[in-house]
Every structure is written in structure tokens, then in C-alpha cells.
2 protein chains.
Amino acid sequence: MRNPPSLLSLAIDSAVPNLPNFDDLSPLPDHVLVDLFLRTLRAGKLTEKILNLFVATGKEEVLTLIRSLNIRRVITPVLPTTTIKDNEVDIVIGALRSDLTSFLNGWRSVFSQFHLIIVKDPDLKEELKIPDGFNLTVYTKTDIDQIVGSTALSFSGYSCRYFGFLVSKRKYIISIDDDCFPAKDNKGIFVDAMAQHIENLTTPATPFFFNTLYDPYREGADFVRGYPFSLRNGVDCALSCGLWLNLADLDAPTQALKPGLRNNHYVDAVLTVPRTTLMPVSGINIAFDREALGPALFPALKLAGEGKVRWETMEDIWCGMCVKVVCDHLGLGVKSGIPYVWRKDRGNAVESLKKEWEGVKLMEEIVPFFQSLSLSRTAATAEECVVEMATTVKQHLGTAHPVFGRAADSMVEWVRVWKAVGSKSS
Amino acid sequence: MRNPPSLLSLAIDSAVPNLPNFDDLSPLPDHVLVDLFLRTLRAGKLTEKILNLFVATGKEEVLTLIRSLNIRRVITPVLPTTTIKDNEVDIVIGALRSDLTSFLNGWRSVFSQFHLIIVKDPDLKEELKIPDGFNLTVYTKTDIDQIVGSTALSFSGYSCRYFGFLVSKRKYIISIDDDCFPAKDNKGIFVDAMAQHIENLTTPATPFFFNTLYDPYREGADFVRGYPFSLRNGVDCALSCGLWLNLADLDAPTQALKPGLRNNHYVDAVLTVPRTTLMPVSGINIAFDREALGPALFPALKLAGEGKVRWETMEDIWCGMCVKVVCDHLGLGVKSGIPYVWRKDRGNAVESLKKEWEGVKLMEEIVPFFQSLSLSRTAATAEECVVEMATTVKQHLGTAHPVFGRAADSMVEWVRVWKAVGSKSS
């Protein structure tokens, strides 16, 4: 049985709706002030004017509370989220197959509100087949040659997508491989991967401390007991890495060893990958802040036997190590988890193994290098970080394998081209 | 349409079942050898003898493959898992309420195969009510006084559970708060939290690199493309931190601000919290390797206004920061995620806020301290880590707030008591 409310409690309750009539709360004892503040918040009565009234008391308890709960003068929304308009997003598709009909039709309901950039793999000979009803721009080898000009960068295979990152003029990019389709969640409902990527990017990331209930900014979640209040603001999320159902992004040896292994486990969560923790970034299903990170997403590492199925590539893994280091250095966040896409089977893992083997071995050199890599304070933009990183790659990995020296050259070249194309288009 | 198999492919297939008749594979070309090895693996024909046959070829490709796939001479199981017997586990329950009938009956089907240690909160006056049919030992204030003797350690409230950690003689402890009940998964099926904790502890943790598909050792999961093979072995998992449905482990300000907030989001995942990443360890639902970590799980930080509901305590949060640093230092892993427990509502968050406010403020001092804390190489056991950490706490936090100085004293005292009780019982 509940005790009847105390007289004090009733008095505080009745004060809440009358706060606009007060002009000084400082005579109130501290515990009454805190109680009144919380009840005002819960009643949804905290306007800017009333917040100022509490701030004006100068009482430490209530000021700490305001700071801790991250309440700012802009009252709505209280959470430090941003919004993204549809016309701030380009969806970039690298077309490695000529017939995009089933791919685009599969995504029609979510793609139709966005502008698409389709970049045709320069190695692809056939004409692209694209269904009607999309707002899109197609780029081919001719466009690449004309816009980028003479360059050592290669835009063939999966690397063609990076050309889309280069010519986009929008703040955000979402990039999905052309063998992916919308996935269903645990309730059997198709998820809107675009909306989920955008939500990941518009809510803060929390790289400095792990939250056990995953992304605290998702609806229904929050920070748990023991999470420091001073870190709850988080940082801007610049990269959202989605996942895969059915054919997961395994490497060729794993898939060859377990040919029947499919991922049918939908984990409805997204989390910030902590600062200084490296991860394998897959290019299959990602979204990012192009203005902040574009210069750090490049086609730099090209395997001798690179192919047209994902497990024959390492370009995204290399780029992912670089971009994670850049994000950590610049104080930007990286999230991993939802959205999922459903990936169709393609390729033969045992055949691929002979090619990708080289890539698997390279990783063992790369990881210790990136784990110990730290950038100088003077590197304050993604461009500067990439150029500095390229120099270090050359010094420390250049002798281990020629592929690393070439990757370093491509990183520098990418920054040059990024600036050139950017200055032309603006 | 599939192409017909090549003659070579058919020849390799027919070789697989005949391998026991070969005594030398070295004349085979490298690519045939690799192919034969993979097909042998997939056919489940890799015995120790046949593995030796491949190793004896001395061919680099196949040796690297064997190393990378973590195949060891002990063929079954290939995964480096261990097994835990029921009699290696104690379930420890701190009894803060006298009537444990509904709690124990709720867990009957999973608890009944284990030995339980029930420690009665020394502040609790009433007799415990315990239903029949469990294999258990009850400890009361009398036992605490007798076994620990004169000590400044406090075992009151939630801290009583730590006495159970002390007197257990088993390798593993699972500890669940007495306001928790079995939770249901997304399919509405009750989960066996004990089995899930044990699975977390018996499969390796991977703290050095993030795996985007979460715990790669769960059934149906694996390491993704780009995950370094040299890190796939992982390390021993020493601590498994479970989660909570219904009433989540929020702090009092958050729960006061969002009184209706309940966690109904079951995320079917568990992951390794990366090395050097700190986290809020909640004592509500955890399991650990007592032999490895017991000396580092202690009741050290006692708030002046500590109470009998979780958001009025910080003892587990402090201990969690310490234990994470110890695990990182000793090369042990910490997992967070499943199993969930279902927590019943208890307490009034607004009332608690006045007490726990102190704890919320302390966190802001603690986090930078633990983030920069590094232990010396000479600290090679949990005991040694704790003693060294206590000295550092005293030096760096002792002046900030007296509660930290007392915590440091309790840590040293805990190690003393741990050794004394351990030597008595052995």
C-alpha cells in the first residue's frame, strides 16, 4: 500500500503549473528545489523561461542536474540529435552487373525518395538495364575518364562506387552493394535500411565508454547506471556500418570451410565501436557523412587477384582501418549493427580462396600497424589525416609488401583528386 | 546452370576417402594440396593421422591454412572451447528480502542442478523463507563474523553476496539479484540464463579486434572478412555480464525522469567488450571465473546513503571498473549481452535520487582515473593487481573524496581476507 502523499509533496506538485508566476526560486531549500525541478521536467513544463528561473538560483545541486541531464537552452529536442533531409543524401550503387532491374525494384519503396548515383564498373561491357521511376544519375567509364582525368587510381570492380563518393555534392552517402535486398526483422517486417542508417548518423555516438544496453539514443533505450554523465553527450556519428543476412560477409576460407553457413540471426541492435578499437569495415552496406569523412573513404588497396565477389576484395577492409583511425583522431563516432540487408549468394568460395589467400595474409601485417598508429595534432581534417597516414604507411609497411606502397600512393592521389573534383563542382 | 566437374576435381574428391592409404602427399602441387585439405575438412575426414600427413608435406600454403583455421592436434573439438561441469559452479544469491519463495520457485528448473550459496543480508532481521528441493547452503551474520573475523569490510545490503564469493570453493560463480526472474526470448521461450552464462565463459573472448557479427563463437556465427586470423583464438573469458528486461539497470536520475521507461527490447547477442574500453558492470546478473578473478570482485566502494535498491548502490560499478582493468592487464576477456533476466519493479526512483546523487557525481572523478590507469608488469595475478591498484587509488583519488580512500583500504583488506579464508578452507 502506498503511503498518502506528504503535505510538502502536495505543495510541490501544486507549484509546478504555477511556475510561470514566480520570479525567484532561490529561497527554496536545496532538496525542494531539486524535487520541483524533476517534477517540472516530468510534467513537460520545462520551458526556456522556467529553466532560466532554476539556473538563476545558482544552487549547485540543480545546476549539476541540468548539466548532467544535458539540458540546453534550446529546449526542443532535449536530446542532441540533428535531422537529415532527403535531399542531403545520395545513395551510391556500384554496378558490377548489367541488369539492375530486380535490385532496384527490390528497393523501390525506400529508394524512390532519394537521388541515386549509379557508377558502372568500367570493366562491364554490356549496357545497364535500369527500370523506370527513379531519380538517378548514371556514370560510366567515359565520365570517370573525363572528370578524374589522368590518374593512377583504379575505379574498376567494387572500387567504382568510390567515384560516386567523389562526384556527390551532398552531405551524406549511403552505399549498398548490388547483390543486396531489403531484409526482414524478427517480426517478419521489411526494415527501411535508409531510415536506420540516417538514424544512426543523426544520433550521437558514444566511443569513450561502453553502454551495455547498446545505442542509448535508440527509442526505448538509455544510458545505464554507472555511465558517466559527462560522456552522455557523445560525439557526432560519421559512419554507420550495417550488417547482412543470408550470405554474411565472411572471408573465403571461412565460407569454403562452412559452405552451408548462412546468417539468419537478426540482432536488433546498433552500438558505437569504442575508441581505439579496430574493426573490419565492410563496404557492402554503409552510410557516412561525406563532408566529414569523404576524403578518408578511398579505393587504395588493390589485391593482385582482386575479383568481382566480395571475398575477393580487401579495399574496404583497408579503407575501414584507415577511416576508424581518422574517426578516433578527429573525435567522430562509428556505429555498427542495424540496418541489415539480405545478400544473395554469388560466387564459389573454394575458387575464390586461391585469390583471396593473399589478402588474408596481408591482414596480419596491417593490424599491428594500425593498432599502434597515432596521428599528429596538426592533422585536423580527414584530408590531412589521410596524407599523414600515407607517409607512415610508406615508411612502416612499404618494405613488407609492394601492395602497401601502392596503397599509400593511392591515398595521396585520392586526396588530390578529391580536392580537384570538389573545387571544380563548387 | 553449373558446369560439369573437371577431371581434377573428381580425382580430388575420390582421393578424400582414400587418404588413410597414403603415406606422402608432398608430390602434389600446392593448389591441389590446399583443395584436398579443404575437401577433407568439409567431409569431416580430418583425423589426427591425416592432419599429420598434410603437416609432413611442409608446404607453406597448407601450414598457414592449418594455423589460420586454428586446427590443433587435438581434433575434437576444433574450436578452443572448454566444458564446465555443474559441480564446478556455485550460484550465489544475496538475500535482501526474507521471503525467497517466489524467487527460488521461479528459477527452480534451472537452479535445481546446481549448488546454491545464499547469504542473508546481515541487516535483515526476519528468518529466511526458502522452499524445499534445492541443494543449498545458507550463511548468516553469525557465519560471516565467524569466518571473516574482525574486519573493516562491510557485507551489508548487496555486499552480502561477496561473502558467498569468498566461501565458495568452486571455479565458477553465477550471481543473480533476488528481484530477478527468468526472461523470455523473442520467441516467447524462457531462456536458461545459467547455460548462457556458462557458454559465455567456456568460449573464448576476442578483446583485441571488434567482430561485427558479435560473439563469433556462438552457434551460427563466425568471424567476418577482414578479422585477423592470428587473433581468432581469442583469450579466456573470465567475466560474463548479463542484462535485464522490464526494469533495466538505469540510474535514479534517468528512472526518475522517465518513470515509465521499461526495457522490453531483447537483443539476442553477446559480445566481448574491447580491451581498454571501460564499461558499467552491473552486479545484478553476472558470472565469472572465481579462481582467476575472485580477488578482484569485492565490496569496496560504499556510498554514505547506500540503500537496498540497486540504484542506491555503486559498489558493483566501482568493482566493475577495477575488474575490467585487471582483465585487460591479465589478458582475460569480458563479455556483455545475453543472458537477460526479468527484473521486478522495486523502490521509488525520485526518493532514491536524493541518496544516489552522490554516486552519480563520484563517477565523474572515477572514469578519467581508470582510463589512465596502467598496472606494472610485476602484477601477474588478480591479488597483485588489486593491491597495486589500491595504492594508486589512494595516491590519486584519496584527496578527492574520503570514500575513495576507504575503498582502497577495503580492497587491500579484501585480498587479505581472500587469502586467509582460502588457506583455511583448502
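The structure presented is a predicted model; accordingly, all values stated were derived computationally and were not measured.

**A word on helix H13 (residues 382–397) of chain A**
Under the 1.5 Å per step criterion, the end-to-end length of H13 of chain A is 21 Å for 16 residues, consistent within 8% with the ideal 22 Å. Ala382, Cys385, Val386, Met389, Ala390, Thr392, Val393 and Leu397 of chain A are the residues of H13 of chain A that are buried.

**A closer look at helix H2 (residues 30–42) of chain A**
Residue and element names in this part refer to chain A. When the terminal C-alpha atoms of H2 are compared, their 18 Å separation across 13 residues agrees well with the 18 Å that a helix rising 1.5 Å per residue should span. Burial of H2 is extensive: 10 of the 13 residues sit out of reach of the surface. All of the buried residues along H2 are Val32, Leu33, Val34, Asp35, Leu36, Phe37, Leu38, Arg39, Thr40 and Leu41. Backbone geometry just downstream of H2 places glycine 44 in the positive-phi region, at approximately 70 degrees.

**Quick word on the interface of chain B and chain A**
In this complex, chain B contributes 80 residues to the contact, which on the side of chain A involves 80 residues. In total, chain B and chain A occlude about 6400 Å² of area from one another, counting both sides; carbon and sulfur atoms represent 64% of this. The interface formed by chain B and chain A holds 8 salt bridges in total. Viewed at the interface, chain A and chain B are joined by 22 residue pairs in polar contact (both at pLDDT 80 or more). The biggest single contributor to the side of chain B that touches chain A is helix H12 (residues 349–371) of chain B, with 11 residues. Considering only residue class, the side of chain B that touches chain A consists of 44 nonpolar, 18 polar and 18 charged.

**Points about the domain arrangement of chain A**
Split into domains, chain A comes out as domain 1 (12–68) and domain 2 (86–370). A separation of 46 Å is found between the C-alpha centroids of domain 1 of chain A and domain 2 of chain A.

**Structural notes on the pattern of salt bridges**
By the definition in use, this model includes 51 salt bridges over all chains. Arginine 310 of chain A is the partner of aspartate 316 of chain A in a salt bridge, and the nearest nitrogen-oxygen pair spans 3.4 Å. When sorted by exposure, aspartate 316 of chain A lands in the same class as arginine 310 of chain A, which is buried. Each member of the salt-bridge network shares a partner with another, and the members are Arg161, Asp177, Asp249, Arg310, Glu315 and Asp316 of chain A together with Arg225 of chain B.

**Brief notes about the environment of proline 29 of chain B**
Looking at the secondary structure, you find proline 29 of chain B in the loop between helix H1 (7–15) and helix H2 (30–42). C-alpha separation for the pair proline 29 of chain B and glycine 320 of chain B, spaced 291 residues apart in sequence, amounts to 54 Å.

**A short note on empty space enclosed by the protein**
Counted according to the given criterion, the structure contains 12 cavities of 30 Å³ or more. Contributing to the lining of the largest cavity are Thr206, Phe209, Phe210, Asn211, Tyr214, Asp215, Pro216, Leu271 and Thr272 of chain B.

**Comments concerning the packing of aromatic side chains**
For the structure shown, the criterion picks out 34 aromatic pairs over all chains. Aromatic pair tyrosine 217 of chain A and phenylalanine 223 of chain A: ring centres 5.8 Å apart, planes at 90 degrees, arrangement edge-to-face. By the burial criterion, tyrosine 217 of chain A is buried, and phenylalanine 223 of chain A matches it. Taking 5.0 Å as the distance between ring centres and 80 degrees as the angle between the ring planes, the aromatic pair formed by phenylalanine 209 of chain B and tyrosine 227 of chain B counts as edge-to-face. Note that phenylalanine 209 of chain B is positioned in the loop between helix H8 (193–202) and strand E6 (237–246) and tyrosine 227 of chain B in the loop between H8 and E6, a separation of 18 residues in sequence. Residue tyrosine 227 of chain B is classed as buried on the basis of its relative accessible area of 2%.

**Comments concerning the packing of H2 of chain A against helix H3 (residues 48–56) of chain A**
Residue and element names in this part refer to chain A. Running from N to C, H2 and H3 cross one another at 165 degrees; their axes reach a closest spacing of 12 Å. As summarised for this structure, H2 and H3 are arranged roughly antiparallel, according to the angle between their axes. Read as a crossing pair, H2 and H3 show a hand that is left-handed. Residues Leu33, Leu36, Phe37 and Thr40 of H2 touch H3, and the partners they reach there are Ile50, Leu51 and Phe54. For the contact of H2 with H3, a count of residues per class yields 6 nonpolar, 1 polar and no charged.

**Section: the nonpolar core**
Membership of the largest hydrophobic core comes to 252 residues, with the highest contact counts inside it found for Phe111, Trp318 and Phe370 of chain A together with Phe111, Trp318 and Phe370 of chain B. Filtering out sequence-adjacent residues up to four positions away, tryptophan 318 of chain A remains in contact with Phe298, Ala300, Leu301, Ile366, Phe370, Val393, Leu397, Phe404, Ala407 and Met411 of chain A.

**Let's talk about the relation of the copies chain B and chain A**
Between chain B and chain A, which share one sequence, the superposing operator has a rotation angle of 180 degrees and an axial displacement of 0.1 Å; the RMSD is 0.1 Å. With respect to symmetry, the two chain copies, as superposed, fit the operation of a two-fold axis. For chain B, the minimum C-alpha distance to the rotation axis belongs to valine 267 of chain B and amounts to 3.0 Å. Both copies present the same face, since 100% of the interface residues in chain B are matched by interface residues at the equivalent positions in chain A.

Thresholds applied
- Residues numbered from 1 in each chain as written.
- Chains lettered and ligands numbered in written order.
- Predicted model: local features only at pLDDT ≥ 70, side-chain atom pairs only at ≥ 80, totals over all residues.
- Heavy atoms only, no water.
- Helix = DSSP H or I, 4+ residues; strand = E, 2+ residues; numbered from the N terminus.
- Expected span 1.5 Å × (residues − 1).
- Buried < 20%, exposed > 50% of the residue type's maximum accessible area, 1.4 Å probe, protein only.
- Contact = heavy atoms within 4.5 Å.
- Buried area = accessible area lost by both parts, 1.4 Å probe.
- Salt bridge = Lys/Arg side-chain N within 4 Å of Asp/Glu carboxyl O.
- Polar contact = N/O pair within 3.5 Å; in protein donor to acceptor, adjacent residues only side chain to side chain.
- Nonpolar A, V, L, I, M, F, W, Y, C, P; charged D, E, K, R; others polar.
- Domains from an automatic or database assignment.
- 1 Å grid on protein atoms, 1.4 Å probe; cavity = no way out; pocket = protein on both sides within 12 Å on 5 of 7 lines; lining within 4 Å.
- Points joined across faces, edges and corners; volume = space filled by probe spheres on them.
- Phe/Tyr/Trp six-rings, centres within 6.5 Å; stacked < 30°, edge-to-face > 60°.
- Axes fitted to C-alpha atoms, helices over the stretch in contact; angles between N-to-C directions.
- Parallel < 35°, antiparallel > 145°, perpendicular 65-115°, else oblique.
- Left-handed = near helix turned anticlockwise from the far one by under 90°.
- Core = buried A, V, L, I, M, F, W, Y, C linked by side-chain atoms within 4.5 Å.
- Least-squares fit on C-alpha atoms with pLDDT ≥ 70 in both.

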